[in-house]
Amino acid sequence: MTEMSMEKAVVAPWKLFATVLGVVGCIFLLYRWYQHEMAFSVGLDYFEPEFQTYWMNLMYTQLTILTIGGAAFMGWLWFTREKEAVLEISREEEVSRYLKFLGLLSVFSLLVWLSTSLYAEADAAWHQVTVRDTDFTPTHIPLFYFALPCMIIAGCSLFVWGHTRLPDLYGRISLPFAMTVGGPILIMPNVGFNEWGHTFFYAEELFAAPIHWGFVLLGWSIFFVGGFLMQIIKRIHDLVDGNTELQHMNNVEPLNAPSYGYDVKKAS
Amino acid sequence: MERISTVNERKLFLTLDILLIPVLVILFMGVFSFHFALTVGDWDYWIDWRDRRWWPLVTPLSLIVLPGVFGYLLWDKLRWPLGGTITILGLSSAAWVSRVWNFEIFAGFPLNMVTPSTYVGLGLMLDATLVITKSFMVTGLFGGFLFGFLIYPLNWPIIAPYHLPIEMDGTLMTVADVMGYEYIRTAIPEYVRIIESSTLRTFGEAVVPLTAVFAGFLTVLTYYLWVWVGYLTSKPTWIKKIV
């Protein structure tokens, strides 16, 4: 064992991850069950009183909870930040935080899949058997006003958590991380264009139609997760090697010096 | 001198793998599914949309995107020659979950009308070319071409039964056409029938091979574009402030 080696074992909080993933999974499963039961029975006509009771009230409730809850959670993350004290944490603590961060990233991944695949394609299937009467349908309400906001809140929370709890992200911003969470945020305004377009010039519901390509472009922003993973792996690699110095804080080298790129050939 | 990892470090690396791999795979499921649904979507949803001119052309152009982008990341940065296989496996998994839950259970279409196509073989071929040649250039040329070229033959066993002729009310149709007429949708593939009556029909039996070669050629060109995008997006860039 060398001087630089990890002396203490760092264990990931598996129970926390399992609990969070389980809770998220159960909520989305329950919502899916509600959608299945209520879509064709009380969700076919926006102008029926039943639709207002079972769908619009649900939408108002979930939007209120997500807005208040999301703002409160991110506010809490921000106001409980450690400021410069984050630079003083031990190597083991920093590695432990990376493991926690990756666990939270898996929750974000799960929400991406639930939103952009399972809930989005429920909308694709729905539009093939019904004609939209307004922008609010039993598939739009879960997708645009629940699943996507959940994904955005998770992404933003990760961004705030990472930049306030990880020393390597202190005092600077990871561009690929910003792009990864920024694209999904812009999907929400694009919903406005989508609905406007469907109202005015494109009543059909071909999923591959050009009116939907704005979503595609914004979805591609998640390709940037690769650059961010490289930053994480590079830092963990340095920590394991005992190289804990935060060079960007000492201004000893430019912000994007070549050494910041993880290079597997050099590393091996 | 190279340092040997301690037990604690090896445990840490294992933990990292256990955390990172699901993150990536689930993310691929979501992103690929979203991208594919909004660029190919209807062609892959319905058995009567899988025509012989547009479906084999549109599909590889969209399907090559993630294998190119994440193929670069996984091979160049991590030496995993798995970009094509893992991303397409993610797409196929997400597609099966969605077709069963959304199209069959929720909307009531028979599963054999909405069965996803198979593409995993294409990813395997692309990755195999990469691991043998260790070159994105050669992979694009050979693997990329086969990727586009073989979509139709790879799926032929799935599609063939639906192309059998059937007579309904005095009109000769395919099984896929009959299913399309029986299950009325808001997006029936009328365009396919219009194209089939155009002058391209004079190519007769050569239509599929002709489309396959053209698809292979386009996939070669676009593979390089997406590998380049993968190079850009995997750059670990830092900035001082957003605005």
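None of these values were measured; they are calculated from a predicted model. (Residues numbered from 1 in each chain as written. Chains lettered and ligands numbered in written order. Predicted model: local features only at pLDDT ≥ 70, side-chain atom pairs only at ≥ 80, totals over all residues. Heavy atoms only, no water.)

Some remarks on the overall build of chain B
Counting secondary structure elements, chain B contains twelve helices and three strands. With the C-alpha coordinates aligned to their principal axes, the bounding extent of chain B is approximately 80 × 40 × 40 Å. In chain B, which comprises 243 residues, the share counted as buried stands at 53%. Here the analysis covers contacts within chain B between residues at least 6 apart in sequence; of these, 72% occur between residues at least 24 apart. (Helix = DSSP H or I, 4+ residues; strand = E, 2+ residues; numbered from the N terminus. Buried < 20%, exposed > 50% of the residue type's maximum accessible area, 1.4 Å probe, protein only. Contact = heavy atoms within 4.5 Å.)

Focus: the packing of helix 1 (residues 7-39) of chain B against helix 3 (residues 55-63) of chain B
Residue and element names in this part refer to chain B. Packing of helix 1 against helix 3 brings their axes to within 10 Å, and their N-to-C directions diverge by 150°. For the element pair helix 1 / helix 3, the angle class is roughly antiparallel. Relative to helix 3, the crossing made by helix 1 is right-handed. Facing Phe 32, His 35, Phe 36 and Thr 39 of helix 1, the residues of helix 3 in contact are Val 58, Thr 59, Ser 62 and Leu 63. Looking at the contact of helix 1 with helix 3 residue by residue, the class counts come to four nonpolar, four polar and no charged. (Axes fitted to C-alpha atoms, helices over the stretch in contact; angles between N-to-C directions. Parallel < 35°, antiparallel > 145°, perpendicular 65-115°, else oblique. Left-handed = near helix turned anticlockwise from the far one by under 90°. Nonpolar A, V, L, I, M, F, W, Y, C, P; charged D, E, K, R; others polar.)

Quick look at the packing of aromatic side chains
Scanning all chains against the criterion turns up 44 aromatic pairs over all chains. Ring centres of Phe145(B) and Phe149(B) lie 5.4 Å apart, and the angle between their planes is 20°; this geometry places the pair in the stacked category. Taken together, the residues Phe145(B) and Phe149(B), both in helix 8 (residues 136-149) and four residues apart, mark about one turn of the helix. The class of Phe149(B) is partly exposed, set by a relative accessible area of 28%. Taken together, the aromatic side chains of Tyr46(A), Phe47(A), Phe51(A), Phe136(A), Phe144(A), Tyr145(A), Phe215(A) and Phe34(B) make up a single cluster linked through ring pairs. Arg99(B) extends its terminal NZ or CZ atom over the ring of Phe103(B), reaching a point 5.9 Å from the ring centre. (Phe/Tyr/Trp six-rings, centres within 6.5 Å; stacked < 30°, edge-to-face > 60°. Lys NZ or Arg CZ within 6 Å of the ring centre and 35° of its normal.)

Notes on the interface of chain B and chain A
At the junction of the two partners, chain B supplies 68 residues and chain A supplies 81 residues. A buried area of about 6,600 Å², summed over both sides, lies between chain B and chain A, and 73% of it is on carbon and sulfur atoms. In this assembly, chain B and chain A are joined by zero salt bridges. Taken together, the links from chain B to chain A amount to 19 residue pairs in polar contact (both at pLDDT 80 or more). (Buried area = accessible area lost by both parts, 1.4 Å probe. Salt bridge = Lys/Arg side-chain N within 4 Å of Asp/Glu carboxyl O. Polar contact = N/O pair within 3.5 Å; in protein donor to acceptor, adjacent residues only side chain to side chain.)

Focus on the state of the cysteines
When the sulfur atoms of two cysteines share a covalent bond, that bond is a disulfide. Residues and elements named next belong to chain A. Within this structure, the stated rule accounts for zero disulfides over all chains. Free of any disulfide, Cys 26 has its nearest neighbouring cysteine sulfur in Cys 150, separated by 14 Å. Residue Cys 156 stays outside any disulfide, its sulfur separated by 12 Å from that of Cys 150, the closest cysteine. Here Cys 156 falls in the buried class, since its relative accessible area comes to 18%. (Disulfide = S-S within 2.5 Å.)

Some details on the pairing of strand 1 (residues 165-168) of chain B
Residue and element names in this part refer to chain B. Inspection of the sheet shows strand 1 paired to strand 2 (residues 171-174) by four bridges, in the antiparallel sense. Paired with Pro 165 across the strands is Thr 174, a residue of strand 2. Between the antiparallel neighbours strand 1 and strand 2 lie two residues, among them Asp 169 with a positive phi of about 55°. (Pairing = 2+ DSSP bridges.)

Structural notes on a nonpolar patch on the surface
A contiguous nonpolar surface patch, about 400 Å² in accessible area, is contributed by Val11(A), Trp14(A), Leu14(B) and Ile18(B). Its place among the elements puts Leu14(B) in helix 1. Given the relative accessible area of 52%, Leu14(B) is considered exposed. (Patch = residues over 30% accessible without salt bridge, like charges linked within 9 Å, V, L, I, M, F, W, Y side chains within 5 Å. Areas by Shrake-Rupley, 256 points an atom, 1.4 Å probe, with all protein chains shown as cover.)

Keep in mind these values describe shape, not function.
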